[in-house]
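# Descriptive analysis of the structure
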Amino acid sequence: MIEQHSFCRVCVNGCSILVRIEDGRATKVRADPTNPVYRGYTCFRGRALPELMADPRRQLHSTALQPDGTRRRVGADQAMDEIAERLQGVIETHGPDSVALYTGMAVSKCQPLLTLAHSFADRIGVTRRWSANTLDQPGKQIAHGLHGYWLAPPQAFDEPEVVLWVGINPLMSYMGLPMGSPRRFFKECEKRGTTLIMVDPRRTEAARRSTRHLQPRPGQDVAILACLVRTILIEGLYDREFVESNVDGLDALNAAVAPFTPEVVSLRADLPAEDLLWTARTFAAAKRGYVVAGTGPNMGTARGTVLEYLVLALDTLCGHYLRAGEVVRTPGTLTPGPVFRAQAHPPVAAFGFEPQLRFRGFTDTLAGLPVSAMAEEMLTPGPGQVRALFVLNGNPAATVTDQLQVVEALESLELLVTTDIHLTATARRAHYNLAPRMQLEVPSTKGDFPPSYYANSYLGYSDAYAHYTPALVEPPDGADLIEEWELYYGLAQRLGLQLDLTPARFFVSGPPAPPVANPTQVDMTTKPSTDDLLDLMSRGSRVPLSEVKRHPGGALFPPEEPFVVQPKQEGWAGRLDVGNSLMMRDLAEVLADGDTAQQLAGGYDFRLLCRRMHQLNSALHHPAIDKGRPYNPAFMNPADMAALGLSDGDLVEISSSRATTPAVVVGDDELREGTVSMSHGFGDTPDRDHLVREVGTSANRLLSNDRVYDPYSGQPLMSNVPINVRKLGPVDPRAAARERDGRTAGEP
Ligand SMILES: Nc1nc2c(c(=O)[nH]1)N[C@H]1C(S)=C(S)[C@@H](COP(=O)(O)OP(=O)(O)OC[C@H]3O[C@@H](n4cnc5c(=O)[nH]c(N)nc54)[C@H](O)[C@@H]3O)O[C@H]1N2
Ligand SMILES: Nc1nc2c(c(=O)[nH]1)N[C@H]1C(S)=C(S)[C@@H](COP(=O)(O)OP(=O)(O)OC[C@H]3O[C@@H](n4cnc5c(=O)[nH]c(N)nc54)[C@H](O)[C@@H]3O)O[C@H]1N2
Ligand code: SF4
Ligand SMILES: [Mo]
């Protein structure tokens, strides 16, 4: 028996772990008590890694879809031969615009994947590259472009005195606080006297631990933020010196937020006006702090761009950035050491780029191509129709909005390729699913990074940390697995293409960077190992990867010479903008609309809220995670349940303006009355609705792509969705049993 260091890659937190290895298998995972950042922290999901990796449903061989709908086992090399041939056929018949990528959340499980897949796409001329990002918080990148970039880090996780969380649940998602031990974060906040403010219609895990919880009506976050900005401006609470030297647009902003008085917003959001005033004053009074919005308000307003613009405006008005002379605690470890300057990069173009889509005037944006139009681009004939899709570790059939449309679109493709560890709703429909290695079977790195320009304080470390883990175990006996990057390398070899390591992104963030002059070419004759690629990818990093490898448990790598923020350059004219005219127009529209969801609202009594559970989007559906409840309940306030004659565990029918689906209700008195809270990533197609207690409910079936959406990112209304709830009789248990015999349940 040996025990080795590694880090958990189940969620983004990356906890340092000790893995017990017996007979070449991981048999036990525990926290590493000595790690300086995690300090003995893990969650139960990381400790369940051995069970997750030994899941009998795990795909140990690649499979191909046959005409009769069954799947045949196929060797990975054979699969790549067949894919290359079919891909060539699609390109010859329909052109490279008929080929597309979809990048999912688990892309991070294989570090060279994104770069090599995008290099491959570059070589064959693929322009349609979608990702889950435009269903997440795409306003973060678009608004940042319209606002401009401070060229030194925000104060963020560096000893905040105030934190304003808007519709984010850090104790479930690990977002909105520094990576590491959340326990330690809360303890340090308590010691420092940090005021934690949460705005969420649900009294979440993090709301319970906050200094004050504002529990508004959902979907009113733009109005709430506008009211905070208004108060700070009117009462003169902003950082005058910072704003005068670095910020434009104050007058326009002042005029646009003026109508969002505490009285008006108090009525709209159903919050005491006093709470709004207290929040604005407390936020502005602190010298250091941050505000960050999560998925809730981005999804619940369908106005994520103006929402995130106001988030940035709040931090900017309060001057929450590092200034000349301050020390940067996170200059990056496995990235090159940048120069930080106390000056603003002015706004940049944020949307309107090629390619243009054929629907709703959408274009490429700083957050990527609106994925809410991906299905229509597959289903609608004509130039630009997508015929082949490569899925980079995502599950669009379960996670992209309007499930029925997405499934129809995926089934219409001539070529669908996935690399999933499970036969998911998407992989089940793929012409080829290449079975990949899992974490612990592959090497990986993790490190702090300088400001990502995604949002000021969404994710990141609070100190200069890095960790490298080698592969600790071999895949199970008899398995035929690849690492996901090997698919794109293998296809490039077959098509005679040269790949390079240009840092690829499925969206752009940060000020425009010059194109990489001489990108590292990948050796296409002698196949590199993943370790070779990690070495190449970290070339020129501030801390050499070889140095990081000398600390198997992960370590802090503070620079010998501190990174001090340099003063503004002589004659520098760049300024941030808080008064962008489109954003001001959008504020006026929000004021006039009252409720973005209202055009769907006639005759609907409840609002469906997004939330996350211990599963990870559509992944981690496993008994070790769900603890006996494999479905996603529709959580309701007990008073609402009583009014409908419902008890815990009853079956209901949920209907929206788009569709209808069964669900199981469970009471939760932490929810605002009139709201129903349900996670996504569960459920199946309507023919399996009777299995709702095993597979759960598809929240995405209830959503429409083309009704209420953000004008730039296309993100549709995904929370605060008008719905009705009606009690159902029990489902026919015999039908459920018959269905179970034919198929393993629990795989959305
Ligand atoms: N209604 C509604 N819809 C939503 C959301 C919502 O809140 N509500 N949230 C949106 C958001 S924020 C996001 S990011 C998207 C996510 O959308 P996606 O990224 O499309 O969905 P995931 O379920 O994260 O997909 C990850 C896939 O990777 C697979 N996987 C897991 N581990 C590994 C591994 O080690 N290797 C490989 N190769 N595969 C692995 C999983 O089986 C899963 O199929 O969903 C969006 N959709
Ligand atoms: N355990 C777990 N962790 C995850 C994931 C997961 O699936 N499971 N997914 C990962 C991904 S892809 C992402 S993008 C992040 C997301 O991370 P978060 O954004 O923190 O996601 P949630 O935990 O769903 O928190 C969203 C909160 O918004 C609230 N909310 C809903 N509607 C509204 C509204 O209109 N206004 C306001 N103010 N609040 C509202 C909900 O009640 C909920 O508490 O999490 C990541 N981490
Ligand atoms: S929080 Fe849990 S799932 Fe996330 S990295 Fe840590 S142990 Fe893994
Ligand atoms: Mo996400």
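Residues numbered from 1 in each chain as written. Chains lettered and ligands numbered in written order. Predicted model: local features only at pLDDT ≥ 70, side-chain atom pairs only at ≥ 80, totals over all residues. Heavy atoms only, no water.

### As for the overall build of the protein
Formally: Helix numbering and strand numbering both begin at the N terminus, where a helix is a DSSP run of H or I of at least 4 residues and a strand a DSSP run of E of at least 2. Every radius of gyration here is taken over C-alpha atoms, with the globule rule written as 2.2 Å times N^0.38, N being the number of residues. Partly exposed describes any residue whose relative accessible area lies between the buried limit of under 20% and the exposed limit of over 50%, with all areas from a 1.4 Å probe on protein chains only and scaled to the type maximum. Contacts are assigned to residue pairs with any non-hydrogen atoms lying within 4.5 Å of each other. Surface accessibility in these figures is a Shrake-Rupley result with a 1.4 Å probe; residues are shielded only by whichever protein chains are displayed.
Helix and strand content of the protein: 26 helices and 29 strands. Here the C-alpha atoms of the protein give a radius of gyration of 25 Å, agreeing with the 27 Å that 2.2 N^0.38 yields for 748 residues. C-alpha extents for the protein along the principal axes are approximately 70 × 65 × 55 Å. Counting only residues that meet the buried cut, the protein has 63% of its 748 residues in that class. Across the protein, the fraction of contacts at a sequence separation of at least 24, relative to all contacts at a separation of at least 6, is 78%. By element, 51% of the accessible surface of the protein is carried by carbon and sulfur atoms, the whole surface being about 27200 Å².

### Here we look at the site of ligand 2
Note the threshold: The rule for a residue being near a molecule or strand is that one of its heavy atoms must lie within 4 Å of it. What qualifies as a polar contact is a pair of N or O atoms within 3.5 Å, subject to a donor-acceptor requirement within protein and to the restriction that residues adjacent in sequence count only when both atoms come from side chains. Residue polarity follows a fixed list, in which Ala, Val, Leu, Ile, Met, Phe, Trp, Tyr, Cys and Pro are nonpolar, Asp, Glu, Lys and Arg are charged, and the others, Gly among them, are polar.
Near ligand 2 lie 33 residues; those nearest to it are Ser173, Asp200, Asp221, Gln615 and Ser719. Here aspartate 221 contributes a side-chain N or O atom positioned 2.7 Å from a nitrogen atom of ligand 2. With respect to ligand 2, the backbone of asparagine 617 contributes an N or O atom lying 2.8 Å from an oxygen atom. Considering ligand 2 on its own, with 920 Å² of exposed area, one finds that the protein chains cover 98% of that surface. Mapped onto the shell around ligand 2, the elements with two or more residues apiece are helix H6 (170-173) and helix H14 (295-301). If you tally residues by element for the shell around ligand 2, the top one is H14, at four residues. The residue inventory of the shell around ligand 2, partitioned by class, reads 13 nonpolar, 13 polar and seven charged.

### Describing the packing of aromatic side chains
Test applied: Note on ring pairs: Phe, Tyr and Trp rings are taken, using the six-membered ring of Trp, and paired if centres are within 6.5 Å. Classes follow the plane angle, with under 30 degrees stacked, over 60 edge-to-face and the rest tilted. Counting as a charge over the ring demands two things of the Lys NZ or Arg CZ atom: a distance within 6 Å of the ring centre and an angle within 35 degrees of the ring normal.
Under the defined criterion, the tally for this structure stands at 19 aromatic pairs. Taking 5.7 Å as the distance between ring centres and 40° as the angle between the ring planes, the aromatic pair formed by tryptophan 150 and tyrosine 321 counts as tilted. Placement of tryptophan 150 in strand S8 (residues 149-150) and of tyrosine 321 in the loop between helix H15 (304-317) and strand S14 (344-345) is noted, with a sequence separation of 171 residues between them. By the burial criterion, tryptophan 150 is buried, and tyrosine 321 matches it. Cation over ring: lysine 549 sits above tyrosine 468, and NZ or CZ is 4.8 Å from the ring centre.

### Focus: the site of ligand 3
Contacts to ligand 3 come from Cys8, Val10, Cys11, Asn13, Gly14, Cys15, Thr42, Cys43, Arg45, Gly46 and Tyr174. The residue makeup of the shell around ligand 3, split by class, is six nonpolar, four polar and one charged.

### Let's talk about a positive patch on the surface
The following threshold applies: Here, patches come from residues exposed beyond 30% relative accessible area and free of salt bridges, joined within 9 Å for like charges and within 5 Å for nonpolar side chains (Val, Leu, Ile, Met, Phe, Trp, Tyr). Whenever Lys or Arg places a side-chain nitrogen within 4 Å of a carboxyl oxygen from Asp or Glu, that contact is recorded as a salt bridge. Under the convention used here, Asp and Glu are negative, Lys and Arg are positive, and both His and the chain ends fall outside the count. Charge placement uses NZ in Lys and CZ in Arg. For Asp and Glu, CG and CD serve respectively.
On the surface, a cluster of positive charge is contributed by Lys28, Arg39, Arg47, Arg183, Lys187, Lys191, Arg192 and Lys627. With four residues, the top contributor of residues to the positive patch is helix H7 (residues 182-192). Assignment of secondary structure puts arginine 47 in helix H1 (residues 44-47). For arginine 47, a relative accessible area of 41% translates into the label partly exposed.

### Looking at the nonpolar core
For clarity, the cut-off: To qualify as a nonpolar core, a set must consist of buried Ala, Val, Leu, Ile, Met, Phe, Trp, Tyr and Cys residues joined through side-chain atoms within 4.5 Å.
Grouped together as the largest cluster of nonpolar side chains are 72 residues, with contacts concentrated most on Leu164, Leu253, Leu314 and Leu587. Broken down by element, the residue count for this core peaks at ten residues, all from helix H9 (residues 221-234). Core analysis: the next-biggest nonpolar cluster, separate from the first, contains 52 residues, Ala302, Val400, Val406 and Val652 among them.

### With respect to the sheet that holds strand S1 (residues 2-7)
Sheet strands line up and pair through hydrogen bonds in the backbone, either parallel or antiparallel. In plain terms, the rule: A pair of strands is considered paired only if DSSP assigns at least 2 bridges between the two. A fitted line through C-alpha atoms serves as each axis, taken over the contacting stretch for helices, and the angle formed by two N-to-C directions is quoted from 0 to 180°.
If you trace the three strands from one edge of the open sheet to the other, you get S1-S2-S3, paired in antiparallel fashion. Edge positions in the sheet fall to S1 and strand S3 (25-31), since each of these pairs with one other strand and no more. On average, each strand axis in the sheet is inclined to that of its neighbour by 35°, with strand direction left out of account. As paired elements, strand S2 (residues 16-22) and S3 share six bridges and run antiparallel to each other. By the bridge assignment, arginine 20 is partnered in S3 with lysine 28.

### Let's talk about the confidence of the model for the protein
The condition that has to hold: The predictor's confidence in any single residue is recorded as pLDDT, a number from 0 to 100.
Considering every residue of the protein, the mean pLDDT works out to 95; 97% of them sit at 70 or more. Within the model, the stretch residues 740-748 combines pLDDT values under 50 with 27 contacts to residues more than four positions away or in other chains.

### Some remarks on unusual backbone geometry
Glutamate 354 connects to proline 355 through a cis peptide bond whose omega is -5°. As for its position among the elements, proline 355 is in strand S15 (residues 351-356). In the Ramachandran plot, aspartate 270 falls in the positive-phi region, its phi being about 55° despite a non-glycine side chain. Counting through the fold element by element, aspartate 270 comes out in the loop between helix H12 (262-269) and helix H13 (273-285). Among the residues examined, aspartate 270 registers a relative accessible area of 40% and is labelled partly exposed. The phi dihedral of aspartate 402 is positive, around 65°, even though this residue is not glycine. Looking at where aspartate 402 falls in the secondary structure, it is placed in the loop between helix H17 (396-399) and helix H18 (403-411). Using a relative accessible area of 6% as the deciding quantity, one classes aspartate 402 as buried.

### Structural notes on the environment of tyrosine 321
Residue class for tyrosine 321 comes out buried when judged on its relative accessible area of 3%. Put simply, tyrosine 321 and arginine 73 are 248 residues apart on the chain and 55 Å apart in space, counted from C-alpha to C-alpha. In contact with tyrosine 321, other than residues within four places in its own chain, are His147, Trp150, Pro153, Pro154, Gln155, Phe242, Leu312, Asp315, Thr316, Glu326, Asn456 and Leu576.

### A short note on the side chain of threonine 469
Structurally, threonine 469 is set in strand S21 (residues 465-469). Here serine 6 takes part through its side chain, which lies 2.9 Å from a polar atom of the side chain of threonine 469. Aside from chain neighbours lying at most four places away, what touches threonine 469 is His5, Ser6, Phe7, Arg9, Val442, Pro443 and Ser444.

### A word on H15
Here is the rule we go by: Given the number of residues in a helix, its expected span is that number minus one, multiplied by 1.5 Å.
Here H15 spans 20 Å end to end across 14 residues, near enough to the 20 Å set by a 1.5 Å rise per residue. Within two residues after H15, glycine 319 carries a phi angle of roughly 65°, on the positive side.

### What to know about the UniProt feature "domain: 4Fe-4S Mo/W bis-MGD-type" (unreviewed entry) in the protein
Test applied: UniProt positions are given in the numbering used here, feature names are shortened, and annotations may be inferred rather than shown by experiment.
With numbering matched to this structure, UniProt assigns "domain: 4Fe-4S Mo/W bis-MGD-type" (unreviewed entry) to residues 1-57. End-to-end, the C-alpha atoms of residues 1-57 are 27 Å apart, and along that stretch the chain is 16% helix and 35% strand.

### Some points on the pattern of salt bridges
Inspection of the entire model under this criterion finds 40 salt bridges. One salt bridge in this structure joins arginine 358 and glutamate 377, with 2.9 Å as the shortest N-O distance. Residue arginine 358 is found in the loop between S15 and strand S16 (363-365), and its partner glutamate 377 is found in helix H16 (residues 374-379); the two are separated by 19 residues along the sequence. In this structure, the salt-bridge partner of arginine 387 is glutamate 414, at a minimum N-O distance of 3.2 Å. On the criterion of sequence distance, the pair formed by arginine 387 in the loop between H16 and strand S17 (388-392) and glutamate 414 in the loop between H18 and strand S18 (415-418) is long-range, its members being 27 residues apart. Take arginine 387: its relative accessible area is 11%, and that puts it in the buried class. Through salt bridges that share partners, Asp158, Arg288, Glu326, Arg329 and Asp463 make up one connected network.

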